[in-house]
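For reference, the chains in residue letters:
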Amino acid sequence: MSDNRLGLAGKFRYLAERARRIDVKSVAERAREVHEQHGAWTPRVFADMLWSAARHDVAFQDYVDYDFAILSKEERATYMTHPVSMQLAQRFARKDKRVLFENKIEFNKLFDRFLKREWLIVEAGNADAVRAFAEKHGTFIAKVPVSHMGLGVRRYHAKDVSDWEAFHRGLIERDELLLEEVIRQHDDLAAVCPGTVNTTRITAFFDGAQVHVLAIAQKFGRGAVSDQMSYGGFYTMLHDDGRAFGAGYDSHGHVHEKHPDTGFPISEFRLPLIDEVLAFIDEVARVVPEVPYVGWDVVVTPDGPVLVEGNWGAGVYENKPSVTGIRTGHKPRYKAAIKF
């Protein structure tokens, strides 16, 4: 493996762009939020957030989410941050291969054998095929091919459709061109939130020989079509054996000791079939070696894990010390595997 150190030129470009786009009001609001959470003096937090961004590649929201106000310098250094993750993604993901992850239709074509569910492309003249697919599955998912943060995903019921030609036309007009069978999740996941298919985000790096699992996060929904935070979802980090670090949390200041809808204690969650999940990731992460750093979303079903999507801009899911009592993050694992 070649030298993976993050280049200074890339970092300076990032800092210059960040400085150009900085929203002082937004930073001030986050500083006040930290004050409310931890009692830290707002002006000091404001200055520390700016310094941490410039010197240590800490996004302002990372500073809030990972409780940097209560951590020592050494503890902060163990946390992976979004700017560092994006620099790694930009460095390692070959540009001509990124579309395989950005476009859900292209992704489904390539990773079809790992999806383990039926899917259909909506195109001109196939209203009858859409109807047959919908009536076979009853409830189904429609996706915009290129979208982010769970947006552009809708859930439909065949019984609600009376005019299939009009429905088909509407799908095309809304760019909802990918239909998928609804995933049946494992009972242990349904016990936490039965109304949403709850995904597991596994961030991994393939070094050409070995697949390294860097972090595992379990996302939970609130009954909506997606478990993303934009739909009210939250997450907890998982140990390598599938045990939850502790309660759940999101980037909006909400902490969930129990799932708000079912009362399930999040700290007691344990991902089923964890050995099968890790073996599954070891296989899928080798399919596109030109994109070695990926955030994989999988769902554990009664028959084993299935793939939902892969994100070449892997993003970051991290431990929140004020919730779990654990004051370290996952960055040492990233550095050991990627050697940056």
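Shown above is the structure to which this text applies.
All figures in this text were calculated on a predicted structure; none of them were measured in a lab. (Residues numbered from 1 in each chain as written. Predicted model: local features only at pLDDT ≥ 70, side-chain atom pairs only at ≥ 80, totals over all residues. Heavy atoms only, no water.)

(A) Up close: the overall build of the chain. The helix and strand inventory of the chain stands at 15 helices and 11 strands. For the chain, whose C-alpha radius of gyration is 21 Å, the value lies close to the compact-globule estimate of 20 Å for 340 residues. Dimensions of the chain along its principal axes, counting C-alpha atoms only, are 60 × 45 × 40 Å. In the chain, which comprises 340 residues, the proportion classed as buried is 51%. (Helix = DSSP H or I, 4+ residues; strand = E, 2+ residues; numbered from the N terminus. Rg over C-alpha atoms; globule rule 2.2 N^0.38 Å. Buried < 20%, exposed > 50% of the residue type's maximum accessible area, 1.4 Å probe, protein only.)

(B) Structural context of the pattern of salt bridges. Per the stated rule, a full pass over the model turns up 19 salt bridges. Between R117 and E180 there is a salt bridge whose closest N-O contact spans 3.3 Å. Of this pair, R117 sits in the loop between α9 (112-115) and β1 (119-121) while E180 is found in strand β4 (residues 178-181), placing the two residues 63 residues apart along the sequence. The burial state of R117 is the same as that of E180; both residues are buried. The partner of D160 in a salt bridge is K159, with the nearest N and O atoms 3.3 Å apart. Pair check on accessibility: D160 and K159 agree, each one exposed. What emerges from the salt-bridge pattern is a single network uniting R117, K143 and E180. (Salt bridge = Lys/Arg side-chain N within 4 Å of Asp/Glu carboxyl O.)

(C) Spotlight on helix α15 (residues 331-338). Of the residues making up α15, those classed as buried are K331, Y334, A337 and I338. Along the long axis of α15, the arc covered by the buried residues comes to 130°, so they all point the same way. Buried residues along α15 sit against α6 (82-92), β5 (200-206), β6 (211-220) and β10 (293-301). After α15 finishes, the residue K339 shows a positive phi value of roughly 60°. (Arc of directions from axis to C-beta. Contact = heavy atoms within 4.5 Å.)

(D) Focus on the environment of E135. Mapped onto the elements of the fold, E135 is located in helix α10 (residues 127-137). When its relative accessible area of 46% is taken as the criterion, E135 is described as partly exposed. Ignoring sequence-local partners within four residues, the contact set of E135 consists of A158 and W164.

(E) Just the sheet that holds β1, in detail. Strand order in the open sheet formed by four strands is β1-β4-β2-β3, and the pairing between neighbours is antiparallel. One side of each edge strand has no neighbouring strand; the edge strands of this open sheet are β1 and β3 (153-157). On average, each strand axis in the sheet is inclined to that of its neighbour by 25°, with strand direction left out of account. Relative to β3, strand β2 (residues 139-143) is paired through five bridges, and the arrangement is antiparallel. When the bridges of β3 are listed, F140 appears paired with Y156. Against the sheet, α10 touches β1, β2 and β4, its axis set at about 25° to β4. (Pairing = 2+ DSSP bridges. Axes fitted to C-alpha atoms, helices over the stretch in contact; angles between N-to-C directions.)

(F) A look at the nonpolar core. Membership of the largest hydrophobic core comes to 74 residues, with the highest contact counts inside it found for F101, Y293, W296, L307 and I338. No other element matches the seven residues that β6 contributes to this core. Grouped together as the second largest cluster of nonpolar side chains are 17 residues, I105, L120, V130 and Y156 included. (Core = buried A, V, L, I, M, F, W, Y, C linked by side-chain atoms within 4.5 Å.)

(G) Just the packing of α10 against helix α11 (residues 164-173), in detail. Interaxial distance between α10 and α11 falls to 9 Å at its minimum, and their mutual angle equals 100°. Relative to α11, α10 is oriented roughly perpendicular. Together, A127, V130, R131, A134 and E135 of α10 and W164, E165, F167, H168 and L171 of α11 make up the contact between the two elements. Looking at the contact of α10 with α11, its residues break down into six nonpolar, one polar and three charged. (Parallel < 35°, antiparallel > 145°, perpendicular 65-115°, else oblique. Nonpolar A, V, L, I, M, F, W, Y, C, P; charged D, E, K, R; others polar.)

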